[in-house]
Amino acid sequence: MIALEGIVKRFGALTALDGVDLTVERGTVHAVVGENGAGKTTLMGVLGGIVAADAGTVSLDGEPVRIASVEDAYAHGIGMVHQHFRLFRRLTVAENVVMGREPRRRGGYDHAAAEALVDELGRAHGLRVDPRARVGELSVGDQQRVELLRALHRAADVLILDEPTAVLTPQEAEGLFGVMRELAGQGRTVLFISHKLREVLTVSDTVTVLRRGSVTGVRRASETDERELAGLMVGRAIESAYQAPDTPAGEPVLRLEALTARGLKPLDLEVSAGEIVGVAGVAGNGQTELAEAIAGLRPREGGTLTIAGRALSDATVAQRREAGLAHIPEDRYARGLAREATIAENLLMGTHRRRFRLDRRAMNARARELVEAFDVRAGDVGDRAATLSGGNAQKLVIARELAGEPAVVLACQPTRGVDIGAAEFVHAQLRAARDRGAGVLLISADLDELLALADRIVVLYEGALVGESRDEAELGLLMAGAHA
Amino acid sequence: MRDRGFAVGEALLAVAIALAVGALFVLIADDSPATAYEALWTSSVGSTNALAQSMTTAIPIIVVGLGMGLAFRVGLFNLGGEGQMILGALTTAVVGHALASLPGAITFVLAVVSGCLAGAAWAVLPALWEVFLRVPLVVTTLLLNYVGALLATYLAAYPLRDESGGSTLAQTAEIPSALQLPIIVPNTPLHAGLFAAVLAPLGVLWLLQRTSLGYAMRMTGLNRDFAETGGVPMKRTIVTTMALSGALCGLAGALLVMGQTYRYLDDSIVSPQTAWSGLAASMLAGFHPLFTFVSGFFLAALQTGGSGLQLATNVPLQLVNVIQAVIIAMVAVRLWLGRRVLRR
């Protein structure tokens, strides 16, 4: 049994952990859940030897132990797999796995032994990766397997996984869950940090919920549900059920007729005023291409596009925005904002063309209003956007795009990587946009999000729209390419 | 503005380290760094005359630095400042001479404007290649320097050569007096072009911070995909930026002709490395227009001081090159590191 008692950790004025107790049975999968900033990673860092606690004790099987470094943790059989991989991309899988614990032969590194060892390790745990492959050439899922193998090679008893599914496709995540169950079955302990409640309930035996540095609940996975856990995470009830619009949908505001672009087959799609149309699909099936084609960032190869009744097939980005299109890009740091520009400057984008002179006072005043109205937690509107947390950066993008009451909202992965509170806010904003008569096209890889928000859901598969449904099982089949 | 303070600190650190390295070289050459730096100080800013000489050298450096720096701010690596400056200088000299019969003010305006336009044209060409043919601008601007320099040499040596004085130099005819900028400090070379070197940074700052065009340019420089998604027309912004950048470089050439040489004198720009000093000044200033004025003056003063140093001590002029090289190396490393950090 692994027990942490009364763990306290302060960073300056911020109390990251305030007397946390955590008890984990050996041979189980134990999830630690909480919003961003709840202290999950800090707590795991204490066990993994990365964070030195200010107070509290760690004991293994009743024996108090001192874990002051990563090496100490390894010595006690505890290994951590980080959210951001720490691999040498130019080295082979085998070299990465044995790094620091290399098999030696005549004073040198023994390639053959290392490869055999990694092969054996992979076979034993169902983590098959070619030991000779270069890590930089592997898929993200395979890179994670290498990280797991490395941790298993060093310390096989207790594995800590920090948000392991954040970068995986659903299929890869499924595979990982199988490995986790198998490791637990072999008597090892898996600690698993996540904020995706559905997967937590799928894979773990026990769940500890953290909120603002304190434990708000410990539940058996079989005796709780997403709703209860979400409530414990944010400290109040969460409204995630689908809410139908009060009024029926109106005239079409976005219309694609046989629209094609590189990476897309001819698409027919209509979004009416006052409805949210969801686009489901496994990542990489044309979501980015579809969004870019609508936004004017990807040249059309055929077909037509109409926004708010205006034919804009070959219009510039500016003309589309003029017609009433708002675009929440899928990657906020790539297209959504400029990190080194100020918050006010980021909020100005798109509306800056009105006059040649730039009125900085008006720009800052409007920015303050938007920051207030959209609850962006920011220091000053003159601060760089890089100072915002992920959720607040997304609120900034939402504020800018929805402020002008657009007729059409193109929202791409709008809650990817943000915590539950911010996601709930984004959802409320999209519903509000629909309720005041905007047509919303929501492209999301998160099926729960689509089911909670969208009035209709279409499925994108290999660049084509293959069907429409609101039934989860049917959607799953469509996403996997089984034509209905 | 915390970051700006940090950048200033870094620039000063680079200068301090460069001076220290220079002192080390003086020590190795068995001389006294204190004496050497004192001579450098005296001959660059120690007297009215020295100060005026340094300021005169600084004028084209500052303006061409502003021009190149403007493109860099937008993420366009315009390395063609030299060619754009040469074309500007030649055009101003030729147009000024050809229009000598018109009223002075008209000649003046037309000569300056045509110099700017020539610089702009030499910069727009690679911008169009980049936008429509996807030929990297960083390569074409650099190569156009050679084309521009050789073209100007040919023109000054043959078709446009000044035959009047029986001179054997490759140079064009003298510009009319209406075009010659007045000396503002008597008995020194410092001319009225100083006002341009003071006003141009303010103008660029105003453009970048107080106009929507400047806003679009800055956002393009900070994150091109973001600007494009927000509706900034990318092709037009690239061409406009390069036109403005080239126009400033052309203006620097015009100022050199009107304030110092009074004609296009072959190799008056390439050998003194005026454009490259301008880029170094701009980089040292973190591409900030006002700081470019300060760093441009600093580099010009180093060059002026170098000749005085050689006269007063046994330390060769090359000390100045060492100091400049160290500064440029450090600034380049900082920019490279900054880029790496930003990419994460």
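Residues numbered from 1 in each chain as written. Chains lettered and ligands numbered in written order. Predicted model: local features only at pLDDT ≥ 70, side-chain atom pairs only at ≥ 80, totals over all residues. Heavy atoms only, no water.

- An unreviewed UniProt entry lists chain B under the name ABC transporter permease, with Solirubrobacter deserti given as the organism.
- Regarding chain B, the relevant UniProt record gives this comment under Subcellular location (unreviewed entry): "Cell membrane". (UniProt positions renumbered as here; feature names shortened; annotations may be inferred.)

- As annotated in an unreviewed UniProt entry, chain A carries the name ABC transporter ATP-binding protein and is attributed to Solirubrobacter deserti.

## Here's the deal with the overall build of chain A
Inference 1: A tally of helices and strands in chain A yields 17 helices and 22 strands.
Inference 2: At 25 Å, chain A has a C-alpha radius of gyration in line with the 23 Å of a compact globule built from 484 residues.
Inference 3: Projected onto its principal axes, the C-alpha positions of chain A cover 75 × 50 × 45 Å.
Inference 4: Taking all 484 residues of chain A together, the buried fraction comes to 53%.
Inference 5: In chain A, 65% of the contacts between residues at least 6 apart in sequence involve partners at least 24 apart.
Inference 6: Approximately 21,000 Å² of chain A is accessible, and the part contributed by carbon and sulfur atoms is 47%.
Inference 7: Positive and negative side-chain charges of chain A, numbering 58 and 68 respectively, have mean locations separated by a distance of 6 Å. (Helix = DSSP H or I, 4+ residues; strand = E, 2+ residues; numbered from the N terminus. Rg over C-alpha atoms; globule rule 2.2 N^0.38 Å. Buried < 20%, exposed > 50% of the residue type's maximum accessible area, 1.4 Å probe, protein only. Contact = heavy atoms within 4.5 Å. Areas by Shrake-Rupley, 256 points an atom, 1.4 Å probe, with all protein chains shown as cover. Lys, Arg positive; Asp, Glu negative; His and termini not counted. Charge placed at Lys NZ, Arg CZ, Asp CG, Glu CD.)

## Some thoughts on helix H6 (residues 137–157) of chain B
Residue and element names in this part refer to chain B.
Inference 1: Between its first and last C-alpha, H6 extends 30 Å over 21 residues, near the 30 Å set by a 1.5 Å rise per residue.
Inference 2: For H6, the complete set of buried residues consists of Leu137, Thr140, Thr141, Leu144, Asn145, Gly148, Ala149, Ala152, Ala156 and Ala157.
Inference 3: Those residues of H6 that are buried are in contact with helix H4 (81–98), helix H5 (104–133), helix H10 (234–261) and helix H11 (274–284). (Expected span 1.5 Å × (residues − 1).)

## Some remarks on the pattern of salt bridges
Residues and elements named next belong to chain A.
Inference 1: Within the structure shown, the criterion is met by 26 salt bridges over all chains.
Inference 2: Between Asp205 and Arg181 there is a salt bridge; the shortest N-O distance is 3.5 Å. Here the residue Asp205 occupies a position in the loop between helix H7 (197–203) and strand S11 (206–211), and Arg181 occupies one in helix H6 (residues 170–185), the gap between them amounting to 24 residues.
Inference 3: On the basis of relative accessibility, which here comes to 35%, the residue Arg181 falls in the partly exposed class.
Inference 4: Of the charged contacts in the structure, one is a salt bridge between Glu270 and Arg255, with a shortest N-O distance of 3.1 Å. A residue pair is termed long-range when its members are at least 10 positions apart, and Glu270 in strand S14 (residues 264–272) and Arg255 in strand S13 (residues 252–261) qualify at 15 residues. (Salt bridge = Lys/Arg side-chain N within 4 Å of Asp/Glu carboxyl O.)

## Thoughts on a nonpolar patch on the surface
Residue and element names in this part refer to chain B.
Inference 1: Residues Val8, Leu12, Ile184, Phe195, Val198, Leu199, Leu202, Leu290 and Phe291 make up a contiguous nonpolar surface patch of roughly 760 Å² in combined accessible area.
Inference 2: Those elements that place two or more of their residues in the nonpolar patch are helix H1 (2–28), helix H7 (193–210) and helix H12 (289–312).
Inference 3: Among the elements that line the nonpolar patch, the one with the most residues is H7, at 4 residues.
Inference 4: One can find Ile184 in the loop between H6 and H7. (Patch = residues over 30% accessible without salt bridge, like charges linked within 9 Å, V, L, I, M, F, W, Y side chains within 5 Å.)

## Focus: the interface of chain B and chain A
Inference 1: Between chain B and chain A, the residue contacts involve 22 residues of the former and 28 residues of the latter.
Inference 2: Summed over both sides, the interface of chain B with chain A buries roughly 2,200 Å², with 60% coming from carbon and sulfur.
Inference 3: For the chain B face of the interface with chain A, the top three residues by lost area are Tyr215(B), Phe226(B) and Thr229(B), together amounting to 30%.
Inference 4: For the pair chain B and chain A, the number of links is 2 salt bridges.
Inference 5: One salt bridge in this structure joins Glu228(B) and Arg335(A), with 3.7 Å as the shortest N-O distance.
Inference 6: Where chain B packs against chain A, one counts 14 residue pairs in polar contact (both at pLDDT 80 or more).
Inference 7: At the level of elements, H7, helix H8 (212–222) and helix H9 (224–229) of chain B are the ones that each hand at least two residues to the side of chain B that touches chain A.
Inference 8: Within the side of chain B that touches chain A, the residues separate by chemical class into 10 nonpolar, 7 polar and 5 charged. (Buried area = accessible area lost by both parts, 1.4 Å probe. Polar contact = N/O pair within 3.5 Å; in protein donor to acceptor, adjacent residues only side chain to side chain. Nonpolar A, V, L, I, M, F, W, Y, C, P; charged D, E, K, R; others polar.)

## Digging into the sheet that holds strand S17 (residues 310–311) of chain A
All names here are of chain A.
Inference 1: What the 4 strands build is an open sheet, ordered S14-S13-S16-S17; its pairing is antiparallel. In this open sheet, the two strands that pair with only one neighbour each are S14 and S17.
Inference 2: One ladder, built from 6 bridges, connects S13 with S14; its direction is antiparallel. Residue pairing for S14: Leu259 is matched across the bridge by Leu267.
Inference 3: Contacting S13, S14 and strand S16 (300–307), helix H9 (residues 287–295) crosses the sheet at an angle of about 115 degrees to S13. (Pairing = 2+ DSSP bridges. Axes fitted to C-alpha atoms, helices over the stretch in contact; angles between N-to-C directions.)

## Concerning the side chain of Arg332(A)
Residue and element names in this part refer to chain A.
Inference 1: By secondary structure assignment, the location of Arg332 is in helix H11 (residues 332–336).
Inference 2: At 6.6 Å, Asp331 is the nearest oppositely charged side chain to Arg332, a buried residue that forms no salt bridge.
Inference 3: At 3.3 Å, the side chain of Arg332 forms a polar contact with the backbone oxygen of Gly390.
Inference 4: Filtering out sequence-adjacent residues up to four positions away, Arg332 remains in contact with Leu337, Gly390, Ala393, Gln394, Val397, Arg416, Gly417 and Val418.

## Looking at the nonpolar core
Inference 1: Membership of the largest hydrophobic core comes to 146 residues, with the highest contact counts inside it found for Leu347(A), Phe374(A), Val409(A), Leu430(A), Leu248(B), Met258(B) and Tyr264(B).
Inference 2: Broken down by element, the residue count for this core peaks at 14 residues, all from H10(B).
Inference 3: Here this core gathers at least three residues from each of two domains, domain 2 (245–324 + 406–484) and domain 3 (335–404) of chain A.
Inference 4: Not counting residues within four places of it along the chain, the set of residues in contact with Leu248(B) comprises Val63(B), Leu66(B), Gly67(B), Leu70(B), Ala200(B) and Val204(B). (Core = buried A, V, L, I, M, F, W, Y, C linked by side-chain atoms within 4.5 Å. Domains from an automatic or database assignment.)

## So, the packing of H7(B) against H10(B)
Geometry of a packed helix pair, given as the angle between the helix axes and the separation of the axes.
Residues and elements named next belong to chain B.
Inference 1: In the contact formed by H7 and H10, the axes pass within 11 Å of each other and the chain directions differ by 170 degrees. Classified by the angle between their axes, H7 and H10 sit roughly antiparallel to one another. In this structure, H7 contributes Gly193, Ala196, Ala200, Val204 and Leu207 to the contact, and H10 contributes Leu244, Leu248 and Leu255. (Parallel < 35°, antiparallel > 145°, perpendicular 65-115°, else oblique.)

## Quick word on the packing of helix H3 (residues 48–73) of chain B against H10(B)
All names here are of chain B.
Inference 1: Following both chains from N to C, one finds H3 and H10 inclined at 170 degrees, their axes separated by 7 Å at the closest point. Put simply, H3 runs roughly antiparallel to H10. Between H3, through Thr56, Ile59, Pro60, Val63, Val64, Leu66, Gly67, Met68, Leu70 and Ala71, and H10, the contact on the second element is made entirely by Thr241, Met242, Leu244, Ser245, Leu248, Cys249, Leu251, Ala252, Leu255, Leu256 and Gln260.
Inference 2: Class assignment of the residues belonging to the contact of H3 with H10 gives a composition of 16 nonpolar, 5 polar and no charged.

## Quick word on helix H2 (residues 33–45) of chain B
Residue and element names in this part refer to chain B.
Inference 1: Counted at 1.5 Å a residue, the expected span for H2 with its 13 residues is 18 Å, and the 18 Å between its end C-alpha atoms agrees.
Inference 2: Inspection of H2 places Pro33, Ala36, Ala39, Leu40, Ser43 and Ser44 among the buried residues, and these make up the whole buried set. Considered in projection along H2, the buried side chains sweep an arc of 130 degrees and stay on one side of the axis. For H2, the exposed residues set more than 90 degrees away from the buried face come down to Ala34, Glu38 and Trp41. (Arc of directions from axis to C-beta.)

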